[in-house]
Amino acid sequence: MRSAPWPLVLLGLLVGVARGLAVAATVPELLETYECTRCHRLTSPHRLVGPSLWRLGERADAATIRAAILEPDAVVAPGYPPGVMRACLQANGFYRDIQRQPALLERIVAFLAGASPAPLPLASPQPAAMHPVPAGEVRTATGQAVVVPAFAIDATPVTHAAFERFIAAGGYRSKAYWHPVGWKVVVRRRRRTHPHAWDPQAAPAQPVTGVTWYEADAYCRWRGAALPSTLQWQRACLAVRDWFGAAGKAGDHWEWTAEARWQGGASATSLAQRCAATVPAYPAVEHAQVGFRCAVPLPAAPR
Ligand code: HEC
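Everything in this summary refers to the structure shown in the same document. (Residues numbered from 1 in each chain as written. Predicted model: local features only at pLDDT ≥ 70, side-chain atom pairs only at ≥ 80, totals over all residues.)

Section: the overall build of the protein chain
Part 1 of the argument: Of regular secondary structure, the protein chain possesses 13 helices and nine strands.
Part 2 of the argument: Going through the 303 residues of the protein chain one by one, you find that 36% of them count as buried.
Part 3 of the argument: Considering only contacts within the protein chain whose residues lie at least 6 apart along the sequence, 67% involve residues at least 24 apart. (Helix = DSSP H or I, 4+ residues; strand = E, 2+ residues; numbered from the N terminus. Buried ≥ 20, exposed ≤ 12 C-beta atoms within 10 Å, placed from the backbone. Contact = placed C-beta atoms within 7 Å.)

Shown next as structure tokens:
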């Protein structure tokens, strides 16, 4: 995979993301993510499968709009068949997501009612199990010095138990967490509901491996984080004490980075070499020796 700019764009967007939600999107983006715009026009009075939501606030108040979303079959707009909206929103994970994150629903209701949307509550950018890494320099493969801004990264590779929570929370049923290609290839085409070689009996603290880049990416987004860039990974490896000790396995454990590369598994003579070791990989492959961690950007330290 070419080192496309989108993972970096994604990282940028992740600042201020709410825990559990993919990317802090605008309400129109959310309405697209949850397929509302498949059935509703937002900017014109034309009907589609459902009534136009354009200027909805002029004919319905917030409470009515909320009820129409939560109970589509109880509050059916005249002339439309019941059941269509509910089925679609159940399938794409909307109801589960707003249950976990009621602010999401309130933003949508406020937007449709015409009031100014309330901001999403901010996630704690640094859960306990993450290491803060201050801004600092690393050398790229070509020997160039690059400054990596401050970020926090998981202290250990994502464990089997942690990934299981993602599965149980409907991670494989909610498009919102997935890169569009990952959703298409991994969830739709391969019909995955868990990683390919998932072993329910595996030790909970064991690093999860055998996941495609898309699954690793979706898991991190679900947590309101992102895969670390290759440079972030390298920086953390050099800055965090006992980095490889935490991985538990010397020499054969690689980790995904945002650019869909594998990092850190080479047996090298020096720490610097091992931290910098990286190989390009294909994002749709899974490998029994490849796991991952997640990272979040941190605000720059005040000067
Ligand atoms: C599969 C098509 C479909 C999808 C997807 C869909 N809706 Fe609907 N929606 C409908 C239909 C049909 C109705 C009218 C019948 C009903 O209420 O069930 C409706 C009614 C509504 C109403 C009441 C409108 C009025 O004029 O009273 C609101 C509000 C609404 N939808 C919001 C949403 C939102 C927000 C989403 C996305 C989170 C969404 N809908 C997704 C089909 C859909």
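Now, onward.
Some remarks on the environment of R223
Part 1 of the argument: Tracing the backbone shows R223 in the loop between helix 10 (213-222) and helix 11 (230-239).
Part 2 of the argument: Distance from R223 to F166, taken between C-alpha atoms, is 8.6 Å for residues 57 residues apart in sequence.

Some thoughts on the packing of helix 9 (residues 180-189) against helix 10
Part 1 of the argument: In contact at an axis separation of 9 Å, helix 9 and helix 10 are set at 115° when each is read in the N-to-C sense. Between helix 9 and helix 10 the crossing geometry is left-handed. Where helix 9 approaches helix 10, its residues G182, V185 and V186 are matched on the opposing element by Y214, E215, D217 and A218.
Part 2 of the argument: When the residues that make up the contact of helix 9 with helix 10 are grouped by side-chain class, the tally is four nonpolar, one polar and two charged. (Axes fitted to C-alpha atoms, helices over the stretch in contact; angles between N-to-C directions. Left-handed = near helix turned anticlockwise from the far one by under 90°. Nonpolar A, V, L, I, M, F, W, Y, C, P; charged D, E, K, R; others polar.)

Focus on unusual backbone geometry
Part 1 of the argument: A positive phi angle is found at R55, which is not glycine, with a value near 50°.
Part 2 of the argument: Mapped onto the fold, R55 is located in the loop between helix 3 (36-39) and helix 4 (62-70).
Part 3 of the argument: R55 gets classed as exposed once you count the C-beta atoms within 10 Å, which come to 12.
Part 4 of the argument: Although it is not a glycine, R191 sits at a positive phi angle of roughly 55°.
Part 5 of the argument: Take R191: it is sitting in the loop between helix 9 and helix 10.
Part 6 of the argument: When the 8 C-beta atoms within 10 Å are taken as the criterion, R191 is described as exposed.

Considering the site of the ligand
Part 1 of the argument: Near the ligand, the surroundings consist of 28 residues, among which C36, C39, G50, Y80 and M85 are the closest.
Part 2 of the argument: Counting residues per element, the ones that place at least two in the shell around the ligand are helix 3, helix 4, helix 5 (84-91) and helix 7 (102-113).
Part 3 of the argument: Broken down by element, the residue count for the shell around the ligand peaks at four residues, all from helix 5.
Part 4 of the argument: Here the residues of the shell around the ligand sort into 24 nonpolar, two polar and two charged. (Near = placed C-beta within 6 Å.)

Here we look at the nonpolar core
Part 1 of the argument: Counting 43 residues, the largest nonpolar core has A216, Y219, L227, W256 and A295 as its most contacted members.
Part 2 of the argument: Among the elements that line this core, the one with the most residues is helix 10, at seven residues.
Part 3 of the argument: Sequence-distant contacts of A216, defined by excluding residues within four places in its chain, comprise V211, L227, W256 and F292.
Part 4 of the argument: L53, A68, M85 and L104 belong to the second largest nonpolar core, which has 15 residues in total. (Core = buried A, V, L, I, M, F, W, Y, C linked by C-beta atoms within 7 Å.)

Examining helix 8 (residues 160-168)
Part 1 of the argument: Those residues of helix 8 that sit buried are H160, F163 and F166. All buried residues of helix 8 lie within an arc of 115° about the axis, which places them on one face of the element.
Part 2 of the argument: Where the residues of helix 8 are buried, they touch helix 10.
Part 3 of the argument: Positive phi shows up at G170, right after helix 8, with a value of about 85°. (Arc of directions from axis to C-beta.)

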